[in-house]
Amino acid sequence: MTQPLSVQLYTVRDALSADLPGTLATIADIGFTNVELFGFVDRADEYAAALQQAGLVAPSGHARLLDAGEQDLERILTASVTVGLGTLIDPHVDETRWTTREDVEAIARQFNDLAPRAADHGLVLGYHNHAFEFSNRIDGTSAFEVFAGALSDDVVLELDTYWAKVGGDDPVAVLGRLGEQVRFLHVKDGDGSHDDKQQVAVGRGVMPVREIVAAAPQAQQVVELDDHDGDVVQAVRDSYAFLEGARA
């Protein structure tokens with residue numbers, strides 16, 4: 001069964017900072033029932049109430065886990081439960097740690113070690129990539145796939161398909177190799193460069209979006225624009241319409 005479309009709320013961060021309930025209402029009006037959270041840890045109660053008011057749920061959310069101390073980690077896990085997450089995704093591990101096999105496998109061990117702790121809170125752990133995990137190659141393989149191969153079965157992946165392409169890999173081929181490990185897709189579009197401002201509504205850039213989503217039917221599709229030279233809410237609306245049309 002196809003999962004509902006989601007949107008990473010970082011996309012509309014400026015609107016959220018000005019009006020959280022109103023922005024969530026706009027997202028719901030577009031047609032979304034699912035969102036992916038960021039920056040929710042210190043506002044967990046506020047987010048929980050606003051999500052309920054808007055009729056939205058947050059199956060996934062982003063928080064920096066490997067950088068967190070013990071006290072902060074417990075706050076993150078507790079906040080994740082408060083807002084109703086099922087999967088807690090670390091969105092970034094420093095680029096300097098992705099250059100050798102030993103370092104990459106050490107990152108994987110950290111996730112593997114954290115997974116049971118998250119499971120005690122009813123949460124699954126995941127990781128989200130940028131471009132450098134793909135541009136860094138280890139014996140001919142991307143650092144991201146080396147990482148994936150070292151993960152335990154209870155840690156999942158969120159593949160940012162755009163950054164995989166920017167990093168020099170074919171996201172469709174990557175999805176074919178990683179299979180069921182990928183539970184979430186960041187679906188974004190643009191000119192394929194590092195310039196966030198060149199990102200556009202899904203379906204209006206260079207990305208083979210239909211092939212990407214067909215390659216990962218098990219994964220929840222999450223719309224994201226890191227930035228946009230225009231009306232970002234309209235770009236989200238257009239992205240939703242394109243992806244819903246692609247399902248028809």
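Structure: above.
From a predicted model like this one, the values you see are computed outputs, not experimental measurements.

> Looking at this structure, I do not really get the packing of helix H2 (residues 20–30) against helix H11 (residues 232–247). What am I missing?
Geometrically, a packed helix pair is captured by the angle between its two axes and the distance between the axes. Interhelical geometry of H2 versus H11 gives an angle of 30 degrees and a closest axis separation of 10 Å. Regarding the angle of H2 to H11, the classification is roughly parallel. Note that H2 runs across H11; the crossing there is right-handed. Together, Thr26, Ile27, Asp29 and Ile30 of H2 and Val233, Val236, Arg237 and Tyr240 of H11 make up the contact between the two elements. Its residues assigned to classes, the contact of H2 with H11 shows five nonpolar, one polar and two charged.

> Could you clarify how one ought to interpret the environment of Thr78 in this entry?
Mapped onto the fold, Thr78 is located in helix H4 (residues 70–83). Residue classification places Thr78 among the partly exposed residues on the basis of a relative accessible area of 41%. In sequence terms Thr78 and Ala44 are 34 residues apart; their C-alpha atoms lie 9.0 Å from each other.

> Sorry if this is basic, but what is going on with the nonpolar core here?
For soluble globular proteins, the rule of thumb is that nonpolar side chains tend to be buried together. The biggest cluster of nonpolar side chains holds 79 residues, and the ones touching the most others in it are Leu9, Leu37, Leu88, Phe111 and Phe147. With residues up to four places along the chain from it excluded, the contact list for Leu88 reads Phe40, Gly61, Ala63, Leu65, Ile76, Leu77, Ser80, Leu123, Val124, Leu125 and Gly126.

> It is not clear to me how the sheet that holds strand E8 (residues 155–160) should be interpreted in this structure. Could you clarify?
Pairing between sheet strands relies on hydrogen bonds along the backbone, with the strands arranged either parallel or antiparallel. With parallel pairing, eight strands are arranged side by side in an open sheet as E1-E10-E9-E8-E5-E4-E3-E2. The two strands at the open ends of the sheet, each matched to only one other strand, are strand E1 (6–7) and strand E2 (34–37). Across the sheet, helix H9 (residues 171–178) is in contact with E8 and strand E9 (182–187); its angle to E8 comes to roughly 170 degrees.

> Before we go on, may I ask you to explain the packing of aromatic side chains in this structure?
How two aromatic rings sit relative to each other is given by the distance of their centres and the angle of their planes. Following the criterion strictly, the structure yields 10 aromatic pairs and no others. Relative to Tyr127, the ring of Trp98 has its centre 5.4 Å away and its plane inclined at 25 degrees; by these criteria the two rings are stacked. Placement of Trp98 in the loop between strand E4 (87–90) and helix H5 (101–119) and of Tyr127 in strand E5 (residues 124–128) is noted, with a sequence separation of 29 residues between them. Here the aromatic rings of Phe111 and Phe147 are separated by 5.7 Å at their centres, their planes lie at 70 degrees, and the arrangement is edge-to-face. Taken together, the residues span a long stretch of sequence, with Phe111 in helix H5 and Phe147 in helix H7 (residues 143–150) at a distance of 36 residues. The same class applies to Phe111 as to Phe147, namely buried. Through successive ring pairs, a cluster of aromatic residues spans Trp98, Phe111, Tyr127, Phe134, Phe144 and Phe147.

Scoring rules and cut-offs
- Residues numbered from 1 in each chain as written.
- Predicted model: local features only at pLDDT ≥ 70, side-chain atom pairs only at ≥ 80, totals over all residues.
- Heavy atoms only, no water.
- Axes fitted to C-alpha atoms, helices over the stretch in contact; angles between N-to-C directions.
- Helix = DSSP H or I, 4+ residues; strand = E, 2+ residues; numbered from the N terminus.
- Parallel < 35°, antiparallel > 145°, perpendicular 65-115°, else oblique.
- Left-handed = near helix turned anticlockwise from the far one by under 90°.
- Contact = heavy atoms within 4.5 Å.
- Nonpolar A, V, L, I, M, F, W, Y, C, P; charged D, E, K, R; others polar.
- Buried < 20%, exposed > 50% of the residue type's maximum accessible area, 1.4 Å probe, protein only.
- Core = buried A, V, L, I, M, F, W, Y, C linked by side-chain atoms within 4.5 Å.
- Pairing = 2+ DSSP bridges.
- Phe/Tyr/Trp six-rings, centres within 6.5 Å; stacked < 30°, edge-to-face > 60°.

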